[in-house]
Amino acid sequence: PGANGHQETFYLFPYDWRKDSVANARELVKRVERLKSKLQRPDLKFNIVAHSMGGLIARYASMYGDADLPAGEGPIQPTWAGAAHISKIVMIGVPNEGSTDAFASILEGYSVTEGLRRRVPLLNKLTAEDIVTVPSVFQLLPHRDAVKFLDENLQAIQIDLYNIEVWKRYGWRVIYSSPDFRRRHGQEIGTDGSEDDLDAYLAATLRRARRFHQALDSVENTNSPV
């Protein structure tokens, strides 16, 4: 920052979108704290313009500051620790209730054709093998009443996207059928790559994604300090 770096100045926050969104939110808070220290303005607050996943990161940073997700399954109470650094968040195209595109990408990979439309292999950006190792994509899954599933008779059915047993029942772990994938992924996470190990990884990823949504959903009123 320059001498007048606190006045009408834009700062960019580049982050590794493949990482856990809470980790990126905590990094955002640390960067802002370092910036305020350099500017020698401890009371300075920033306005954040956030797009897509960045909005979720900014929301968590404002609500919980540099704190990790609390353990357990109980209610989560925002501390608004990040309000010491953030005044306003302007959100553009932020999936606050999740995205079915994220779910489709976990099953099919991500293509520039996007969403539930037919994948064109030549236009693929990320394969399903890539996506399943990216925790942040699971944190973009739809939650609460943001998505509905229908059976073959177009009757509504209850689907818990965060339950590993549901993934087993509907065959959504198809990527695990590849021995080569199991071997390579096992090497990455330090196991023998068995299906049980992969299920444990997936279950933990789904639990943390659910907890992330619970943390953001814990605000039910508009009287927030940000």
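Scope of this entry: the structure provided in the associated data block. (Residues numbered from 1 in each chain as written. Predicted model: local features only at pLDDT ≥ 70, side-chain atom pairs only at ≥ 80, totals over all residues. Heavy atoms only, no water.)

1. So, the overall build of the chain
Next up, step 1: Within the chain one finds 8 helices and 6 strands.
Next up, step 2: Going residue by residue from the N terminus, the α and β elements of the chain occur as α-β-α-β-α-β-β-α-α-β-β-α-α-α.
Next up, step 3: Dimensions of the chain along its principal axes, counting C-alpha atoms only, are 60 × 40 × 35 Å.
Next up, step 4: For the chain, the residues scored as buried account for 39% of the 226 residues in total.
Next up, step 5: Taking as baseline every contact in the chain between residues at least 6 positions apart, the subset at least 24 positions apart corresponds to 67%.
Next up, step 6: Summed over its atoms, the accessible surface of the chain is roughly 13,200 Å², and 51% of this surface lies on carbon and sulfur atoms.
Next up, step 7: A gap of 6 Å separates the mean positions of the 28 positive and 29 negative side-chain charges of the chain. (Helix = DSSP H or I, 4+ residues; strand = E, 2+ residues; numbered from the N terminus. Buried < 20%, exposed > 50% of the residue type's maximum accessible area, 1.4 Å probe, protein only. Contact = heavy atoms within 4.5 Å. Areas by Shrake-Rupley, 256 points an atom, 1.4 Å probe, with all protein chains shown as cover. Lys, Arg positive; Asp, Glu negative; His and termini not counted. Charge placed at Lys NZ, Arg CZ, Asp CG, Glu CD.)

2. A closer look at the nonpolar core
Within soluble globular proteins, side chains that are nonpolar tend to cluster in buried spots.
Next up, step 1: Judged by nonpolar contacts, the single largest core of 54 residues is most densely connected at Tyr60, Phe138, Leu141 and Trp167.
Next up, step 2: In terms of residue count, the dominant contributor to this core is helix 8 (residues 195-217) (9 residues).
Next up, step 3: The residues contacting Tyr60, other than those within four sequence positions of it, are Val22, Ala25, Gly65, Ala67, Asp68, Leu69, Phe212, Ala215 and Leu216. (Core = buried A, V, L, I, M, F, W, Y, C linked by side-chain atoms within 4.5 Å.)

3. Quick word on unusual backbone geometry
Next up, step 1: Although it is not a glycine, Ser52 sits at a positive phi angle of roughly 55°.
Next up, step 2: Among the structural elements, Ser52 can be located in the loop between strand 1 (46-51) and helix 2 (53-64).
Next up, step 3: Of note in this structure, Leu154 is not a glycine but carries a positive phi near 60°.
Next up, step 4: Mapped onto the fold, Leu154 is located in the loop between strand 5 (149-150) and strand 6 (156-157).

4. A word on empty space enclosed by the protein
Next up, step 1: Using the criterion set out here, one finds 1 cavity of 30 Å³ or more in the structure.
Next up, step 2: In this structure, the largest cavity spans a volume of roughly 70 Å³.
Next up, step 3: Around the largest cavity sit Ile106, Leu107, Ala128, Val132, Trp167, Trp172, Arg173, Val174, Ile175, Tyr176 and Leu202, which together line it.
Next up, step 4: Looking at the lining of the largest cavity residue by residue, the class counts come to 10 nonpolar, no polar and 1 charged. (1 Å grid on protein atoms, 1.4 Å probe; cavity = no way out; pocket = protein on both sides within 12 Å on 5 of 7 lines; lining within 4 Å. Points joined across faces, edges and corners; volume = space filled by probe spheres on them. Nonpolar A, V, L, I, M, F, W, Y, C, P; charged D, E, K, R; others polar.)

5. As for the packing of aromatic side chains
Next up, step 1: The final tally for this structure, using the stated rule, is 11 aromatic pairs.
Next up, step 2: For the ring pair Phe13 and Tyr15, a centre distance of 5.7 Å and an interplane angle of 25° mean the geometry is stacked.
Next up, step 3: Through a chain of ring-to-ring contacts, the aromatic side chains of Phe103, Phe138, Phe149, Trp167, Tyr170 and Trp172 assemble into a single cluster. (Phe/Tyr/Trp six-rings, centres within 6.5 Å; stacked < 30°, edge-to-face > 60°.)

6. Some details on a nonpolar patch on the surface
Next up, step 1: A contiguous nonpolar patch, built from Val49, Val90 and Ile92 and spanning about 270 Å² of accessible area, is present on the exposed surface.
Next up, step 2: In this structure, Val49 sits in strand 1. (Patch = residues over 30% accessible without salt bridge, like charges linked within 9 Å, V, L, I, M, F, W, Y side chains within 5 Å. Salt bridge = Lys/Arg side-chain N within 4 Å of Asp/Glu carboxyl O.)

7. Thoughts on the layout of surface pockets
Next up, step 1: Volume-wise, the largest pocket comes out at about 910 Å³.
Next up, step 2: Residue lining of the largest pocket: 31 residues in total, with Tyr11, Leu12, Phe46, Asn47 and Ile48 positioned closest to the centre.
Next up, step 3: For the lining of the largest pocket, the elements supplying multiple residues, two or more each, are helix 1 (21-39), strand 1, helix 2 and strand 2 (86-92).
Next up, step 4: Roughly 480 Å³ of volume is contained in the second largest pocket.
Next up, step 5: The wall of the second largest pocket is formed by 18 residues, among which Ser52, Met53, Ser105, Tyr110 and Leu140 lie closest to the centre.
Next up, step 6: Where the lining of the second largest pocket is concerned, the elements lending two or more residues are helix 2 and helix 3 (100-108).
Next up, step 7: Ranked by residues supplied to the lining of the second largest pocket, first place goes to helix 3 with 3 residues.

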